[in-house]
Amino acid sequence: MNLNLVIIVSVAFAIAAYLVSKVNDKAGAFMTVAGSMFALVTVFLLRNSIGSEISFLYFNFNLTVTGWYFSLVMLTAYSMTAFFNPFWMKKLIYPAGYNFLYLLSMAGTLGVFFAKDFITLFVFWETVVWSSAFIIQMGKSRQAAYVYYVISAIGSMATLFAIMFAYGTTGTFVINEAFKGLAGYPGRAIVIFITFIAAGMAKIGIFPFHVWLPSAHGSAPHTFSPVLSGGLVKMGAFVALLSVTAFPAYEIFKDMASFRGIPLPIYFMMALGAISIVAGTLMAIKQEDAKKLLAYSSVANGGYILIGLLMLDQVGFAGGMMHIVNHAVASAAAFLSIAAVAYRTGTTKMSEMGGMIHRMPVTYLVYLIAIISMAGIPPMGGFVSKWLIFQGLADKGLIFLATTAFFGSIGSFLYVFRPLSAVFLGQTFTRDLEKKEVGFFMMFPMLILTLLSLLTGVFPNIFLRVVVEIQSAFGMLPVTLAENTIVTSNGFLDAFRVFIVFGFGFAIAFVLFVIRRKSRKVELMDTFTSAEFIHTRELLHYSHSFYAPFERLYEKAPDTMKLYHKAAVKINELGNMAESAFFGIRPARTVLLVMGMVLIVIIAGGVL
Amino acid sequence: MGALNFLYAFLMLLLVFIFQTTLTGLNRKVTARLQKRYGARWYQQFLDIFKALRKDSTSHGWVFDFGVIMALGGIMATVTFIPVAGFRAFPGTDNVFVISYLLAVGMLGMAMSAAGSGNPWASIGVGRALTNMLAYDIPLMVVIFTMIFAFDSASVGQLAEMQQGMGILGWNFFRMPLGGIVAVIALLGMLGKKPFDSFIAPAEIASGPMVEYGGKHLGFMFILHEFMTFIEVSLIINLFFGGGATIWEYMLKYAILYTFTNIISGVMPRFKIDQAVKYFYRVPLAMAIIQGLVVIFTGLGVTIWF
């Protein structure tokens, strides 16, 4: 089966899902499972035809190993999340539309990753943006969809400009050729680099475009947030990747001023990634809504991915590519487990839940493994990719980026622990005492993602071998892999060995624990309370503003969204002024003034 | 990685436990003398641990137990990664990032177990502990980053060996003095010594992570604390004080540094947790970055320079 057919069948699945949902929405939702699983399997089988090119109508595709890698990540997020869809049909206003757009956006991402020319890239890109914007507004807030759409539009328009500018300079739309031809025009190349990468930055949620993530992730339907964070955000990473590989940024900017070997335009983008890490971490720490918290963590992780990819070296780049997989898997799993809790309790506010571990132990374990990976703790995948990024940064001596990377990494312990403690640990609320674990159909995708997190952490080389192919395809020195070991110039990591030793430690501790006298089980409410009598479970649960002393330190920090609002008000005022000048009492005066100014400019221009 | 490695690892755990617990006992005496008390006997710490292990305990559900096991397991695994005077239980696992992040498994387990007890005081303690970690770890990591850049190695053992054979001035503490001072300050934070002890709150038992522990759970926490102390002090000894050519040299340096932190702790007041964060981000972080810039841009400190 070739790529054309995969995309056509996916779109056909989308239409079929729409029609079926009109009759029976649950059956339509099962179509999304079937459609996404179909795409996952067929794209996986495309492995053998990598290197071929296909044309279809106006679209030209190029089966690269990079596209294959990215689409598998994306389709994993889509197909695993699809298992949740049937259970959310009752909560959506337009179930048929949801199912249709779910599969349509999925088909769109495939087109983006395999695009050979800009037109294909742009058309499919916009398909994804539009269809996901319509899904987001089915959630809690329409405002979120507006913000998402406006930010995406800014990115898309910038990219369109870059595409047209590159076409005007080199006369071709084929991505590789158009960008390679820019080598003779460094001035134009800077403009094109910055505008082209803008769409990617907007999608991946890099500062100052990060404002859409918390609102969109936080208020999208619970079944779409995992796709947004685990999948769609990675489209931005793909564009960032194009802007340093297809667009030979390092070659074109090599004569410019640089900081430790990184040309300033690229370093500037990496610095934005670093700001995202810090801003995302600080904001995530103070969220009260579990989904918003995870959304801000996506901002921070987007920063890691961007820094890793833009390094374009042997180690850091591999770390960035690896982090795409790890973050997709971990974040999808975390969002799904929060969705599972919300399915039972009806809320994602952390202060309204507690002690869910005693009702939903499997969901708890899924969340635990996901956050271990997300915080970059061995033996899960997130550690391997962060390790590679740290090694890459240390090798180059990029001290400021490294400082922020460390901050984000330790800061992630703080924020991932909050939902763990507030939602799953502590006292179970009275109204939740009778809640049950979710059914197997919902548990299945969560367990698969959990196993994937473990797999990437224990046998990272399975994934890194593909990364090696990608690096070779771009003509870079690939990361060195031995049997189980990753070798860098600064050291090596044998993830399997770390896992085994961890198991050894755990086994000793377990034996020690078991041979000691069995402990008496007591009720959760039976705790030390300084001689107070507290009988309300809710009062004995500490979850609101968990890091209050720390949050106090930066409570006065400016809010980007507020700055945008202020700017909007100013622009509005400016418009009103112009309007009153031209359509006020004496328009003739304004016209004369403008004409006079134009005249002065012309004369001044002539004299100079 | 054969059976012999696991045997070495097991023996190492045993010896580390005996060594560190003895040292803790001796240091209780040192602290007591600072406060003009007589102090407990040197083996009192052993008695405390074994007494706790023998007593009845209560459990607040499976995550309360599981967290304790995960914490001790993770910490013990980390101990076996620490190179001691050229000895490594598992060769090739002493990467500094592996050690500092594997340590986090133990901390996560501890935090999970404490929050799982259902006592809000424990959760407050955990929140403080994590905030404290965010404070001390960034300056320390920046210094370690500088060191990896300077010596092209992230292996703790190699970094220690590179400082040996050049006399006392070969130690990174003297080659990178600002970084060395940062590391010792960060060590105070890691160990939970004053002025950075507000998260353990040893003087107010009822408002720290330990509030619900008793019996074998508390015993586990004591053992865990000894192991964690060993990891943290060993990291600094290996990275900044040249490790040890022989085991005796290593133990001597270790004992001196550990006692030094206790003496500092004995005469210090306590920071509130947000004050600790402010302090670490103002002074040590600035020092760490200046040290890093000096090393990266001038090369001063890579070789012995005075």
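On a predicted model such as this, the values are computed, not experimentally measured, just so you know.

Conventions and cut-offs
Residues numbered from 1 in each chain as written. Chains lettered and ligands numbered in written order. Predicted model: local features only at pLDDT ≥ 70, side-chain atom pairs only at ≥ 80, totals over all residues. Heavy atoms only, no water. Pairing = 2+ DSSP bridges. Helix = DSSP H or I, 4+ residues; strand = E, 2+ residues; numbered from the N terminus. Buried < 20%, exposed > 50% of the residue type's maximum accessible area, 1.4 Å probe, protein only. Lys, Arg positive; Asp, Glu negative; His and termini not counted. Salt bridge = Lys/Arg side-chain N within 4 Å of Asp/Glu carboxyl O. Polar contact = N/O pair within 3.5 Å; in protein donor to acceptor, adjacent residues only side chain to side chain. Contact = heavy atoms within 4.5 Å. Buried area = accessible area lost by both parts, 1.4 Å probe. pLDDT = per-residue confidence, 0-100. Expected span 1.5 Å × (residues − 1). Core = buried A, V, L, I, M, F, W, Y, C linked by side-chain atoms within 4.5 Å. Patch = residues over 30% accessible without salt bridge, like charges linked within 9 Å, V, L, I, M, F, W, Y side chains within 5 Å. Areas by Shrake-Rupley, 256 points an atom, 1.4 Å probe, with all protein chains shown as cover. 1 Å grid on protein atoms, 1.4 Å probe; cavity = no way out; pocket = protein on both sides within 12 Å on 5 of 7 lines; lining within 4 Å. Points joined across faces, edges and corners; volume = space filled by probe spheres on them. Nonpolar A, V, L, I, M, F, W, Y, C, P; charged D, E, K, R; others polar.

### Structural notes on the pairing of strand 6 (residues 485-488) of chain A
Residue and element names in this part refer to chain A.
Line of reasoning, step 1. Two strands pair when backbone bridges link them, and strand 5 (residues 480-481) and strand 6 are joined in this way by two bridges, in the antiparallel orientation. Counted as the bridge partner of Thr 480 is Val 487 from strand 6.
Line of reasoning, step 2. Connecting the antiparallel pair strand 5 and strand 6 is a turn made up of three residues.
Line of reasoning, step 3. Alignment of strand 6 against strand 7 (residues 491-494), held across four bridges, turns out to be antiparallel. Counterpart to Val 487 in the pairing with strand 7 is Phe 492.
Line of reasoning, step 4. Counting the residues that bridge the hairpin from strand 6 to strand 7 gives two residues.

### As for the side chain of Lys291(A)
All names here are of chain A.
Line of reasoning, step 1. Within the fold, Lys 291 resides in helix 13 (residues 290-311).
Line of reasoning, step 2. Here Lys 291 occupies a buried position and makes no salt bridge, while the nearest side chain of opposite charge, Asp 289, is found at 6.7 Å.
Line of reasoning, step 3. A distance of 2.7 Å separates the side chain of Lys 291 from the side chain of His 222, its partner in a polar contact.
Line of reasoning, step 4. If near-sequence neighbours (up to four positions away) are discounted, Lys 291 is found in contact with His 217, Gly 218, Ala 220, Pro 221, His 222, Ser 225, Phe 335, Ile 338 and Thr 348.

### As for the interface of chain B and chain A
Line of reasoning, step 1. Taken together, the contact pairs 84 residues of chain B with 78 residues of chain A.
Line of reasoning, step 2. Of the roughly 7100 Å² buried at the junction of chain B and chain A (both faces included), carbon and sulfur atoms supply 77%.
Line of reasoning, step 3. On inspection of chain B and its partner chain A, the count reaches 17 residue pairs in polar contact (both at pLDDT 80 or more).
Line of reasoning, step 4. At the level of secondary structure, the elements contributing two or more residues to the side of chain B that touches chain A comprise helix 1 (3-34), helix 2 (44-54), strand 1 (58-59), helix 3 (62-81), helix 4 (96-116), helix 5 (120-151), helix 9 (215-240) and helix 11 (273-298) of chain B.

### Quick word on the pairing of strand 1 (residues 53-56) of chain A
Residues and elements named next belong to chain A.
Line of reasoning, step 1. Pairing of strand 1 with strand 2 (residues 59-62), which is carried by four bridges, proceeds in the antiparallel orientation. Looking across to strand 2, one finds that Phe 56 is bridged to Phe 59.
Line of reasoning, step 2. Between strand 1 and strand 2, which pair antiparallel one after the other, the connecting turn spans two residues, and Leu 57 there sits at a positive phi close to 50°.

### With respect to the confidence of the model for chain B
Residues and elements named next belong to chain B.
Line of reasoning, step 1. Confidence in the prediction for chain B averages 90 pLDDT; 98% of positions are at 70 or higher.
Line of reasoning, step 2. Here helix 4 is the element of chain B with the lowest mean pLDDT, 89, and helix 10 (residues 247-266) is the one with the highest, 94.
Line of reasoning, step 3. Across the interface, the model reports ipTM at 0.94; the global pTM reads 0.93.

### Here's the deal with helix 15 (residues 361-374) of chain A
Think of an α-helix as 3.6 residues a turn; residues three or four steps apart then line up on the same face.
All names here are of chain A.
Line of reasoning, step 1. Helix length check: helix 15 (14 residues) gives 20 Å between terminal C-alpha atoms against 20 Å at 1.5 Å per residue, within 8%.
Line of reasoning, step 2. Counting buried positions along helix 15 gives 11 out of 14 residues, so the element sits mostly inside the fold.
Line of reasoning, step 3. Regarding helix 15, the residues found buried are Thr 363, Tyr 364, Val 366, Tyr 367, Leu 368, Ile 369, Ala 370, Ile 371, Ile 372, Ser 373 and Met 374.
Line of reasoning, step 4. Immediately downstream of helix 15, the backbone of Gly 376 shows phi near 75°, a positive value.

### Details of the nonpolar core
Line of reasoning, step 1. Counting residues in hydrophobic clusters, the biggest one holds 321 residues, and the most contacted among them are Phe179(A), Phe247(A), Met321(A), Leu393(A), Phe417(A) and Phe227(B).
Line of reasoning, step 2. Per-element tally for this core: the top contributor is helix 5 of chain B, with 19 residues.
Line of reasoning, step 3. Sequence-distant contacts of Phe417(A), defined by excluding residues within four places in its chain, comprise Phe546(A), Tyr547(A), Leu108(B), Ala111(B), Met112(B), Ala115(B), Val126(B) and Leu130(B).

### Structural notes on a nonpolar patch on the surface
Residues and elements named next belong to chain B.
Line of reasoning, step 1. Residues Leu 4, Leu 7, Tyr 8, Phe 10, Leu 11, Leu 14, Leu 15, Ile 18 and Phe 87 make up a contiguous nonpolar surface patch of about 840 Å² in total accessible area.
Line of reasoning, step 2. Along the polypeptide, Tyr 8 turns up in helix 1.
Line of reasoning, step 3. The exposure class assigned to Tyr 8 is partly exposed, which follows from its relative accessible area of 37%.

### A look at the side chain of His217(B)
Line of reasoning, step 1. With respect to the element layout, His217(B) can be found in helix 9.
Line of reasoning, step 2. A residue is classified by how much of its surface remains accessible, and His217(B), at 0% relative accessible area, is buried.

### So, the layout of surface pockets
Residue and element names in this part refer to chain A.
Line of reasoning, step 1. What the second largest pocket holds in volume is close to 710 Å³.
Line of reasoning, step 2. Met 283, Gln 287, Tyr 296, Asp 559 and Met 561 are, among the 28 residues lining the second largest pocket, the residues nearest its centre.
Line of reasoning, step 3. Of all the secondary structure elements, the ones that give two or more residues to the lining of the second largest pocket are helix 6 (142-170), helix 9 (212-219), helix 12 (264-285), helix 13 and helix 22 (560-583).
Line of reasoning, step 4. Residues that form the lining of the second largest pocket fall into these classes: 14 nonpolar, eight polar and six charged.

### A few points about the pattern of salt bridges
Working definition: two side chains of opposite charge can pair if their charged atoms are close together.
All names here are of chain A.
Line of reasoning, step 1. Inspection of the entire model under this criterion finds 16 salt bridges over all chains.
Line of reasoning, step 2. A salt bridge links Asp 25 to Lys 90, with the nearest nitrogen and oxygen atoms 3.7 Å apart. Pair noted here: Asp 25 is in helix 2 (residues 25-45) and Lys 90 is in the loop between helix 3 (65-82) and helix 4 (95-113), with a separation of 65 residues, a long-range link.
Line of reasoning, step 3. Taking the shortest distance from any N to any O, the salt bridge between Glu 288 and Arg 418 comes out at 3.3 Å. With Glu 288 in the loop between helix 12 and helix 13 and Arg 418 in helix 17 (residues 399-424), the pair connects residues that are 130 residues apart, well separated along the chain. Exposure class is identical for Glu 288 and Arg 418. Each is buried.

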